Amino acid sequence: LYVSMVHAGKISRYLGAAGRVKLHALNSSRWRNEKENARLGVRSYAADMLRFQAVREAVPGISFRADAGAVKTFLRAFPFKDTICQTRSTIEIKKDMISAKPMDRLLCGDVGYGKTEIAMRAAFRAVSAGYQVAVIAPTTVLAHQHYRSFCERFKEFPYTIDVVNRFRTAA
């Protein structure tokens, strides 16, 4: 494979596979088969995603009622002033939760910018309507941090908060 010097910056060491990577000649049938299998795999995955999204669109979601007294009390108990992004995210998530359409939202931001508080507000709306909430964290440390934050923030309300991780027994 020849690459012009203009595009040489696009070449880097391949780090994707554990162990040894099989190399194929670009004009071999093995390479054509691998390429075709990858193309079919991507096509199949895209079709599955479209099917999944169509089902989500067809099935009604949970329509939470507008803020009740307990939710307003919870929101007022936040000890800090919201950032502009927190305010916007809270409003958008509230609209999503009131809508009968299933919510599909990803909340992103740098460390320390209040994503956990926004998640707690949504969780509070759900539990105050009688639903259970699960917060999934990628690490045990983050799960424990969220557990402590939720316990502190929910301490004035009659909800049970717990954590499940690799250090907890089944009992």
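All of the points below concern the structure found in this document. (Residues numbered from 1 in each chain as written. Predicted model: local features only at pLDDT ≥ 70, side-chain atom pairs only at ≥ 80, totals over all residues. Heavy atoms only, no water.)

### A word on the overall build of the chain
Then comes step 1: Of regular secondary structure, the chain possesses five helices and zero strands.
Then comes step 2: The order of helices and strands in the chain, counted from the N terminus, is α-α-α-α-α.
Then comes step 3: Its C-alpha radius of gyration of 24 Å places the chain more than 25% over the 16 Å reference for a compact globule of 171 residues.
Then comes step 4: Dimensions of the chain along its principal axes, counting C-alpha atoms only, are 70 × 45 × 40 Å.
Then comes step 5: Taking all 171 residues of the chain together, the buried fraction comes to 19%.
Then comes step 6: The long-range fraction of contacts in the chain, counting pairs at least 24 apart against all pairs at least 6 apart in sequence, stands at 71%.
Then comes step 7: Carbon and sulfur atoms make up 59% of the accessible area of the chain, which totals about 13900 Å².
Then comes step 8: In the chain, 28 positive and 14 negative side-chain charges are present, and the distance between their average locations comes to 6 Å. (Helix = DSSP H or I, 4+ residues; strand = E, 2+ residues; numbered from the N terminus. Rg over C-alpha atoms; globule rule 2.2 N^0.38 Å. Buried < 20%, exposed > 50% of the residue type's maximum accessible area, 1.4 Å probe, protein only. Contact = heavy atoms within 4.5 Å. Areas by Shrake-Rupley, 256 points an atom, 1.4 Å probe, with all protein chains shown as cover. Lys, Arg positive; Asp, Glu negative; His and termini not counted. Charge placed at Lys NZ, Arg CZ, Asp CG, Glu CD.)

### A look at helix 3 (residues 84-98)
Then comes step 1: Compared with an ideal rise of 1.5 Å per residue, which puts 15 residues at 21 Å, helix 3 spans 21 Å between its outermost C-alpha atoms and is within 8% of the ideal.
Then comes step 2: Those residues of helix 3 that are buried lie in contact with helix 4 (115-128). (Expected span 1.5 Å × (residues − 1).)

### Digging into the environment of R168
Then comes step 1: Among the structural elements, R168 can be located in the segment after helix 5 (140-154).
Then comes step 2: Taking the C-alpha atoms as reference, R168 lies 36 Å from A100; in sequence the two are 68 residues apart.
Then comes step 3: Excluding its chain neighbours within four sequence positions, the residues that come into contact with R168 are D162 and V163.
Then comes step 4: Of the polar contacts made by the side chain of R168, one reaches the side chain of D162; its length is 2.9 Å.
Then comes step 5: Among the polar contacts listed, one links the side chain of R168 to the backbone oxygen of V163, at a separation of 2.9 Å. (Polar contact = N/O pair within 3.5 Å; in protein donor to acceptor, adjacent residues only side chain to side chain.)

### Examining the packing of aromatic side chains
Then comes step 1: Using the criterion set out here, one finds 10 aromatic pairs in the structure.
Then comes step 2: Here the aromatic rings of F124 and Y159 are separated by 5.6 Å at their centres, their planes lie at 80 degrees, and the arrangement is edge-to-face. Separated by 35 residues along the polypeptide, F124 in helix 4 and Y159 in the segment after helix 5 bring together distant segments of the chain.
Then comes step 3: For the ring pair F150 and F154, a centre distance of 5.6 Å and an interplane angle of 15 degrees mean the geometry is stacked. (Phe/Tyr/Trp six-rings, centres within 6.5 Å; stacked < 30°, edge-to-face > 60°.)

### Examining the layout of surface pockets
Then comes step 1: Counted as a void, the largest pocket has a volume near 840 Å³.
Then comes step 2: Lining the largest pocket are 28 residues, and of these L107, K115, A119, V135 and I136 sit closest to its centre.
Then comes step 3: For the lining of the largest pocket, the element with the most residues is helix 4, which contributes six residues.
Then comes step 4: Of the residues contributing to the lining of the largest pocket, the split by class is 18 nonpolar, seven polar and three charged.
Then comes step 5: Counted as a void, the second largest pocket has a volume near 530 Å³.
Then comes step 6: Contributing to the lining of the second largest pocket are 20 residues, with V133, A134, V135, I161 and D162 lying nearest its centre.
Then comes step 7: Elements supplying a minimum of two residues to the lining of the second largest pocket: helix 4 and helix 5. (1 Å grid on protein atoms, 1.4 Å probe; cavity = no way out; pocket = protein on both sides within 12 Å on 5 of 7 lines; lining within 4 Å. Points joined across faces, edges and corners; volume = space filled by probe spheres on them. Nonpolar A, V, L, I, M, F, W, Y, C, P; charged D, E, K, R; others polar.)

### Considering the pattern of salt bridges
Then comes step 1: On inspection of all chains with the given rule, the structure shows 11 salt bridges.
Then comes step 2: Here E152 makes a salt bridge to K155, at a shortest N to O gap of 2.7 Å.
Then comes step 3: Between R168 and D162 there is a salt bridge, with its nearest N and O atoms 2.9 Å apart.
Then comes step 4: For R168, a relative accessible area of 42% corresponds to the partly exposed category. (Salt bridge = Lys/Arg side-chain N within 4 Å of Asp/Glu carboxyl O.)

### Quick notes on the packing of helix 4 against helix 5
Then comes step 1: Orientation of helix 4 relative to helix 5, taken along the N-to-C sense of each, is 60 degrees, at an axis distance of 11 Å. Looking at the two axes, helix 4 sits oblique to helix 5. As for how helix 4 packs across helix 5, the hand of that crossing is right-handed. Contacts between helix 4 and helix 5 involve T116, E117, A119, M120, A123, F124 and V127 from the first element and H146, S149, F150, R153 and F154 from the second.
Then comes step 2: Residue composition of the contact of helix 4 with helix 5, grouped by class: seven nonpolar, three polar and two charged. (Axes fitted to C-alpha atoms, helices over the stretch in contact; angles between N-to-C directions. Parallel < 35°, antiparallel > 145°, perpendicular 65-115°, else oblique. Left-handed = near helix turned anticlockwise from the far one by under 90°.)

### Observations concerning the nonpolar core
Then comes step 1: Grouped together as the largest cluster of nonpolar side chains are nine residues: V71, F74, M120, A123, F124, V127, F150, F154 and F157.
Then comes step 2: Top contributing element to this core by residue count: helix 4, with four residues.
Then comes step 3: F64, M97, I118 and A126 belong to the second-largest nonpolar core, a separate cluster that totals six residues. (Core = buried A, V, L, I, M, F, W, Y, C linked by side-chain atoms within 4.5 Å.)

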